[in-house]
Amino acid sequence: MSERYIARSRAVAARVLDGEVMIMSATDSTLFSLSDVATIIWQEADGRTPLSSIVKNRICPEFDVAQDDAYRDAEAFTERLASHGILRISDRPILDDEPPASAS
Amino acid sequence: MSLVQQLNQKALAHGVALSVHLDLTYRCNERCEHCYLEHDDRGEMSTSEIRTLLSQLADAGVFFLTLSGGEPLVRNDCFEIIEYARDLQFNVKLKTNAILIREKEAARLKTLGVQQVQISLYSHQAEVHDAITKVQGSLERTLAGIRVLRAQGLNVSVANVLMKSNASDSEAVRALAGEFGAHYTLDPTITPMIDGGTEVLRHRASAADVAGVFHNSALVGNVEEFCAPPQAVDEGILEGLPCSAGHTACYISPYGDLYPCVQFPLPCGNVRRQSFPEIWQESPQLADVRSIRGKDLETCSACSHLGTCSRCPGLAYMEGNMRGPSSVDCEKSLFRTGIPSAAMMASGRTTRPTFRPSLVQIQLA
């Protein structure tokens, strides 16, 4: 299995409201409200950390879920966000000079 | 309930200003006949002051940021401000006449991830549009701006204002917006000058033209539903909030004055003297605005239109009482449904009322 790297896109607006991350895509104006798990994936999407590491080190210790199941869900989630231009996905680290966005 | 409605409810519950409208300048390169602003610069906030303000807004949870003016692009630092706002992850909407937007500027806005560019367009005919803006060639330049923005794939909204001078052109403007793949809005409200002056109201469209807007399915959707007689006023409506102004939204002038809304000139503080959170949380004026419920509205609380009226508390404030009726909205309810409002009945007027501003407070830093 090849590694998957994810990076937050700059073409989004994001804000934390009552502990929940709200994201709006500038591409299609879709508004997302992220769950606890999705919020962790979003916050860890620095382009350098493999998705498998995010699942293993950040999600599985906090939630009662098998690693394989969590990874499958994470893959589906990242693909959905990528389809709205919110995340970028690559099989190599995403190390461009674009500073990663993070919700404030 | 949609996600946006949920977001608004959550912001309301937590006292968060979800939306802020920030005018970067009152200066403008057009002189629109219906404009509510004076265009002299009386000491705009500097780039540094605006950066500080934006940081405060982001920390306070503001998500939707509208940057407007005047014409915001006459500021040399406009792109720097937009870039900083985007670094802070705001959802940025830019209101402009697009006169200063060429390919380079459009590409920059695209790169910065601006959510929407709203562009004022009053007619498809140069002789009409340019007469309203008082700038020869402005239509041509605005259309060129829209073209390059759309070529970048940016979300463009064409904003028209219904006036005497352009009432017969609104359908053609809508069609033009459609050709560009842009959204279209038509506002039949002419707002009094921000200093209370009413001379601009002479540009208001006729009653028949305003009524025509409300009965145009292309603009309002289901006309039968939109123009239906109001339903009975229930407890939920009486306990409801008049609008988001001061609750989850506010307006900040180029001089740092904070108001509940751009159309609600009740001074609540100045971000040059206090931080945004201090004003938002502690302003007695905002507390007063927030205390108002439907049942507290004088005359309106007994009006059958209460649940569906577009009543603007800011326009009511400019008429002398933010708990009172807004005659412009009484008029809209009448034109929409054919049923006079309680305020119109009480005054014996069941035709177009007269706007009578009697209290306007403007505080300039």
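Computed from a predicted structure; not experimentally measured.

1. Section: the interface of chain B and chain A
Across the contact, 18 residues belong to chain B and 17 residues belong to chain A. Counting only elements with at least two residues in the side of chain B that touches chain A, the list comes to helix 1 (3-14) and helix 2 (47-59) of chain B. The greatest single-element share of the side of chain B that touches chain A, amounting to six residues, is contributed by helix 1 of chain B. By residue class, the composition of the side of chain B that touches chain A is nine nonpolar, seven polar and two charged.

2. So, the sheet that holds strand 7 (residues 249-252) of chain B
All names here are of chain B. Read across the open sheet, the nine strands follow the order 6-5-4-3-2-1-7-8-9; overall the sheet is mixed. Each edge of the open sheet is held by one strand with a lone partner, namely strand 6 (183-187) and strand 9 (269-270). Of the strand pairs in this sheet, strand 3 (residues 91-96) and strand 4 (residues 116-120) are connected by four bridges, and their pairing is parallel. Counterpart to K95 in the pairing with strand 4 is Q118.

3. Some words on the packing of helix 2 (residues 51-59) of chain A against helix 3 (residues 67-83) of chain A
Helix-helix packing is characterised by the crossing angle of the two axes and by the distance between the axes. Residues and elements named next belong to chain A. With their axes 10 Å apart at the nearest point, helix 2 and helix 3 run at an angle of 125° to one another. The angle between helix 2 and helix 3 falls in the class oblique. For the element pair helix 2 and helix 3, the recorded crossing hand is right-handed. Note on element contacts: helix 3 touches helix 2 through Q67, A70, Y71, A74 and T78, opposite L51, S52, V55, K56 and I59. Split into classes, the residues belonging to the contact of helix 2 with helix 3 amount to six nonpolar, three polar and one charged.

Thresholds applied
Residues numbered from 1 in each chain as written. Chains lettered and ligands numbered in written order. Predicted model: local features only at pLDDT ≥ 70, side-chain atom pairs only at ≥ 80, totals over all residues. Contact = placed C-beta atoms within 7 Å. Helix = DSSP H or I, 4+ residues; strand = E, 2+ residues; numbered from the N terminus. Nonpolar A, V, L, I, M, F, W, Y, C, P; charged D, E, K, R; others polar. Pairing = 2+ DSSP bridges. Axes fitted to C-alpha atoms, helices over the stretch in contact; angles between N-to-C directions. Parallel < 35°, antiparallel > 145°, perpendicular 65-115°, else oblique. Left-handed = near helix turned anticlockwise from the far one by under 90°.

Remember that the coordinates give geometry; whether it matters functionally is a separate question.
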